[in-house]
Amino acid sequence: MYTASSNSSGSRREGAVDNLIGDHLIEVPQQPDLSPEICIKDSKSLQAFLRLSRYAVDDNMTTILNSVLNHREMNKNSVFRFGSGSSDGSPCDEFLKTLVYPEWKKRSQVIQYCRDVVANVNPKDSIENSQFAKLSQEEKNEMMRIDPYTYKNLEREYMNKHRKILELQQYYRNEEEVEKIVTDKSANIITQLCKFKDGEVKTFFSDFKSKNK
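All of these numbers come straight from a predicted model, not from anything done at the bench. (Residues numbered from 1 in each chain as written. Predicted model: local features only at pLDDT ≥ 70, side-chain atom pairs only at ≥ 80, totals over all residues. Heavy atoms only, no water.)

Student: Please explain helix 2 (residues 43-56) as it appears in this structure.
Tutor: Along an α-helix, a turn takes 3.6 residues, which lines up residues three or four apart on a common side. Relative to the 20 Å expected for 14 residues at 1.5 Å per residue, helix 2 spans 20 Å between its end C-alpha atoms, a close match to the ideal helical length. Along helix 2, the residues that are buried comprise Ser43, Leu46, Phe49, Leu50, Leu52, Ser53, Arg54 and Ala56. (Helix = DSSP H or I, 4+ residues; strand = E, 2+ residues; numbered from the N terminus. Expected span 1.5 Å × (residues − 1). Buried < 20%, exposed > 50% of the residue type's maximum accessible area, 1.4 Å probe, protein only.)

Student: Teacher, can you tell me more about the nonpolar core here?
Tutor: Buried together is how nonpolar side chains tend to be arranged in soluble globular proteins. Core analysis: the biggest nonpolar cluster contains 24 residues, and Phe95, Val100, Tyr101 and Ile190 have the highest contact counts within it. No other element matches the six residues that helix 4 (residues 93-119) contributes to this core. With residues near it in sequence (within four places) discarded, Ile190 still touches Met61, Leu65, Leu96, Val100, Lys195, Phe196 and Val201. Among the nonpolar cores identified, the runner-up in size contains 16 residues, and Ile38, Leu50, Val110 and Val121 belong to it. (Core = buried A, V, L, I, M, F, W, Y, C linked by side-chain atoms within 4.5 Å. Contact = heavy atoms within 4.5 Å.)

Student: Whenever I open this one, the packing of helix 2 against helix 4 confuses me. Can you help?
Tutor: In a pair of packed helices, the angle between the axes and the distance between the axes together describe the arrangement. Across the interface, helix 2 lies against helix 4 with an axial gap of 10 Å and an inter-helix angle of 155 degrees. In terms of axis orientation, helix 2 runs roughly antiparallel to helix 4. Considering only the axes of helix 2 and helix 4, their crossing is left-handed. For the pair helix 2 and helix 4, contact is made by Leu46, Phe49, Leu50, Ser53 and Arg54 and by Glu103, Lys106, Arg107, Val110, Ile111 and Cys114, respectively. Of the residues that constitute the contact of helix 2 with helix 4, the class distribution is six nonpolar, one polar and four charged. (Axes fitted to C-alpha atoms, helices over the stretch in contact; angles between N-to-C directions. Parallel < 35°, antiparallel > 145°, perpendicular 65-115°, else oblique. Left-handed = near helix turned anticlockwise from the far one by under 90°. Nonpolar A, V, L, I, M, F, W, Y, C, P; charged D, E, K, R; others polar.)

Student: Help me out: how do you make sense of the packing of helix 4 against helix 9 (residues 200-211) in this one?
Tutor: The geometry of helix 4 relative to helix 9 is characterised by a closest axis approach of 10 Å and an angle of 70 degrees between their N-to-C directions. Taken together, helix 4 and helix 9 sit at an angle that is classed as roughly perpendicular. From helix 4, Lys97, Tyr101, Pro102, Trp104, Lys105 and Ser108 reach across to helix 9, where they touch Val201, Lys202, Phe204, Phe205, Phe208 and Lys209.

Student: Whenever I open this one, the packing of aromatic side chains confuses me. Can you help?
Tutor: Applying the stated criterion across every chain, the model contains six aromatic pairs. Where Trp104 meets Phe205, the ring centres are 5.3 Å apart and the plane angle is 85 degrees; that geometry is what we call edge-to-face. Taken as a pair, Trp104 in helix 4 and Phe205 in helix 9 lie far apart in primary sequence, 101 residues in all. Note on Trp104: relative accessible area 1%, which makes it buried. Between Tyr171 and Tyr172, the aromatic rings sit 4.9 Å apart at their centres with planes inclined by 70 degrees, giving edge-to-face as the arrangement. In this structure Tyr171 comes out as buried when scored by relative accessible area, which is 19%. Aromatic rings pair up to connect Tyr101, Trp104, Phe205 and Phe208 into one cluster. (Phe/Tyr/Trp six-rings, centres within 6.5 Å; stacked < 30°, edge-to-face > 60°.)

Student: Looking at this model, I keep getting lost on the state of the cysteines. Mind explaining?
Tutor: Scanning the model with the defined rule gives one disulfide in all. What pairs with Cys39 in a disulfide is Cys114, and their sulfur atoms sit 2.1 Å apart. Across the S-S bond linking Cys39 and Cys114, the dihedral sits near -75 degrees, which makes this disulfide left-handed. With Cys39 in helix 1 (residues 36-40) and Cys114 in helix 4, this pair connects stretches of sequence that are 75 residues apart. The exposure classification of Cys39 matches that of Cys114, with both residues buried. (Disulfide = S-S within 2.5 Å.)

Student: Whenever I open this one, the side chain of Thr191 confuses me. Can you help?
Tutor: By the secondary structure assignment, Thr191 is in helix 8 (residues 148-194). On the basis of relative accessible area, Thr191 is assigned to the buried category, the value being 11%. A polar atom in the side chain of Thr191 sits 2.7 Å from the backbone oxygen of Ala187. Sequence-distant contacts of Thr191, that is, excluding residues within four places in its chain, are made with Phe196, Lys197, Asp198 and Val201. (Polar contact = N/O pair within 3.5 Å; in protein donor to acceptor, adjacent residues only side chain to side chain.)

Here is the structure:
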């Protein structure tokens, strides 16, 4: 299904995975290891993963799928099987199971995991447990007099922590909406080119997720 390959030019991204689809070598990003810390403190790596995965698969869906269909016409021994519209042996069935559905599944897992993580972080608890919040007013006055730079840094951290949690909660809600828009658009393209019935692509995806937990 997926096989890692090297690139002598050195331009290949570390952790990326290559998949030969039709006439295209598709490079998909490796899903980052999930942890609460990566959702909150290193969200940029998750943003990069989502962006690169969507670019590799969904942004080029028409081009890739046309290549798969044309490749199959030229190579009857291709692993990609095209016939009439049913889930087994259907047009593009192997294409979906090999490339599209695994990427959709990884992205949905990442988004849902981080949504759950940040939803369970109470901004009020977060700032009350900060170093600045634990200082008494007398200690704050003393620090302001002796070390105003440290005081300002702690105060800034205190204010930013609450805002960051709220922003992350909104960010992952937005990503869930973006993911639906992206996959719905791809599903429409697949439906048209592979002659599936309306709604089948997403139904098959739900089945794929339930069988590949």
